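The residues making up each chain are set out below.
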Amino acid sequence: MVIAVDFDGTIVEHKYPAIGKERPFAVATLKQLMEDGHKLVLWSVRTGELLDEAVAWCEERGVRFYAVNSNFDEDANCMNSDNFCRKLKVQMFIDDRNVGGLPDWGSIYQIITRRISYEQLLREEMNMPVEKPKRKGWWPF
């Protein structure tokens, strides 16, 4: 799976433009996701030197990204092209600005590896029945 990951407020505490402290288990979870075969894309508002600092911070801790602020590393060369599309081709985004906020990194790992929703995980943790949504007409879910 290709997964986009935000930096400020997600991997580290939000102290932009400075780099905040690591959020608990962020680096360990990202390293495990890489070991599991997932491709990580750093997707950040940071650019230039601030982005370089964030990438270096991650690399010093063993987190290496498949791409940075692009779909593939080679996209970085054409970002100013008229044909460049900033829409990422990923299966998941991990970002502190999610609706409902950022789950803890242990929950994020469970959601990704078990391919379940955050709702399903919460229902399991609260020992509530996991209800399968009813299909409505043409809608596939």
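The structure reproduced in this document is the subject of the present report. Remember, it's a predicted structure, so these values are computed and weren't measured experimentally.

Rules behind the numbers
Sequence order as written defines the numbering, with residues in each chain counted from 1. Whole-chain, interface and lining totals are the exception, using all residues; otherwise, since this is a predicted model, local features are given only for residues with pLDDT of at least 70 and side-chain atom pairs are given and counted only at 80 or more. Each side-chain value is worked out from all heavy atoms of the structure, with water and hydrogens disregarded. In DSSP terms, a helix is any run of H or I states spanning at least four residues, a strand is any run of E spanning at least two, and both are numbered starting from the N terminus. We call two residues contacting when some pair of their heavy atoms lies within 4.5 Å. Side-chain rings of Phe, Tyr and Trp, where Trp is taken by its six-membered ring, are said to pair if the distance between their centres is within 6.5 Å; with planes under 30 degrees apart they count as stacked, over 60 as edge-to-face, and otherwise as tilted. Only protein chains enter the calculation, and the probe is 1.4 Å; a residue is then buried if its accessible area is under 20% of its type maximum, exposed if over 50%, and partly exposed in between. A fitted line through C-alpha atoms represents every axis, and for helices the fit uses only the stretch in contact; the resulting angles, taken between N-to-C directions, go from 0 to 180 degrees. With respect to orientation, any angle under 35 degrees is reported as roughly parallel, any angle over 145 as roughly antiparallel, any angle of 65 to 115 as roughly perpendicular, and every other angle as oblique. In this scheme the crossing of two helices becomes right-handed for a clockwise turn of the near helix relative to the far one and left-handed for an anticlockwise turn of less than a right angle. An expected span of 1.5 Å times one less than the residue number is assigned to each helix. Directions pointing from the helix axis toward each C-beta atom define the arc. Like-charged residues are merged into a patch within 9 Å and nonpolar side chains (Val, Leu, Ile, Met, Phe, Trp, Tyr) within 5 Å, provided each residue has over 30% relative accessible area and no salt bridge. Note on areas: these come from Shrake-Rupley sampling with a 1.4 Å probe, and a residue is covered only by the protein chains present in the view. For this document, the term salt bridge refers to a Lys or Arg side-chain nitrogen within 4 Å of an Asp or Glu carboxyl oxygen. Take the buried Ala, Val, Leu, Ile, Met, Phe, Trp, Tyr and Cys residues and link them wherever side-chain atoms come within 4.5 Å; each set so joined is a nonpolar core. Any residue with an atom within 4 Å of a point lines the site, the site being either a cavity, points on a 1 Å grid over the protein atoms alone where a 1.4 Å probe fits but cannot get out, or a pocket, an open set with protein on both sides within 12 Å along at least 5 of 7 lines. Grid points are joined across faces, edges and corners, and a volume is the space filled by probe spheres set on the points. Gly is placed with the polar residues, together with every amino acid not listed as nonpolar (Ala, Val, Leu, Ile, Met, Phe, Trp, Tyr, Cys and Pro) or charged (Asp, Glu, Lys and Arg).

Overview of the side chain of Asp96
Within the fold, Asp96 resides in the loop between strand S4 (92-94) and helix H3 (105-114). Sequence-distant contacts of Asp96, that is, excluding residues within four places in its chain, are made with Asp6, Asp8, Gly9, Thr10, His14, Gly101 and Leu102.

Thoughts on the packing of aromatic side chains
Counted by the stated rule, this structure contains one aromatic pair. Note on Phe7 and Trp57: the rings are 5.8 Å apart at their centroids and 75° apart in plane angle, and the pair reads as edge-to-face. One end of the pair, Phe7, is in the loop between strand S1 (2-5) and helix H1 (26-35); the other, Trp57, is in helix H2 (residues 48-60), with 50 residues separating them in the sequence. For the pair Phe7 and Trp57, one class covers both residues: buried.

Concerning the packing of H3 against helix H4 (residues 118-125)
The geometry of a pair of packed helices is captured by two quantities: the angle between their axes and the separation between those axes. Following both chains from N to C, one finds H3 and H4 inclined at 115°, their axes separated by 10 Å at the closest point. As judged from the angle between their axes, H3 and H4 are roughly perpendicular. As for how H3 packs across H4, the hand of that crossing is right-handed. Contacts between H3 and H4 involve Ser107, Gln110, Ile111 and Arg114 from the former and Tyr118, Leu121, Glu124 and Glu125 from the latter.

Focus: H2
The end-to-end C-alpha distance of H2, which contains 13 residues, comes to 18 Å, matching closely the 18 Å that a straight helix rising 1.5 Å per residue would cover. Buried residues of H2: Leu51, Ala54, Val55, Trp57 and Cys58, and no others. For H2, the angular spread of buried residues about the axis comes to 155°, placing them on one side. Opposite the packed face of H2, turned more than 90 degrees from it, sit the exposed residues Glu49, Asp52 and Glu60. At the C-terminal side of H2, Gly62 shows a positive phi close to 90°.

Considerations on a nonpolar patch on the surface
Where nonpolar side chains cluster on the molecular surface, the patch consists of Tyr118, Leu122, Met126 and Met128 and spans about 350 Å² of accessible area. Assessed through its relative accessible area of 32%, Leu122 is described here as partly exposed.

A word on the nonpolar core
Val5, Phe7, Ile11, Leu30, Ile94 and Trp105 are the most contacted members of the largest nonpolar core, which totals 23 residues. Looking at this core, the elements with two or more residues in it are S1, H1, strand S2 (39-42), H2 and H3. It is H2 that provides the largest number of residues to this core, a total of five residues. Filtering out sequence-adjacent residues up to four positions away, Ile11 remains in contact with Val5, Asp6, Glu22, Arg23, Ala26, Leu30, Leu42, Trp57, Cys58 and Phe65. Grouped together as the second largest cluster of nonpolar side chains are seven residues, Val2, Ala4, Val41 and Ala67 included.

Brief notes about the layout of surface pockets
In this structure, the largest pocket occupies an estimated 180 Å³ of space. Met92, Phe93, Ile94, Asn98, Gly101, Leu102, Pro103, Ile108, Ile111, Ile116, Ser117 and Tyr118 together form the lining of the largest pocket. Taken together, the elements giving at least two residues each to the lining of the largest pocket come down to S4 and H3. If one sorts the elements of the lining of the largest pocket by residue count, S4 sits on top with three residues. Along the lines of polarity and charge, the residues of the lining of the largest pocket split into nine nonpolar, three polar and no charged.

Fair warning: the whole summary comes from geometry, so function is off the table for now.
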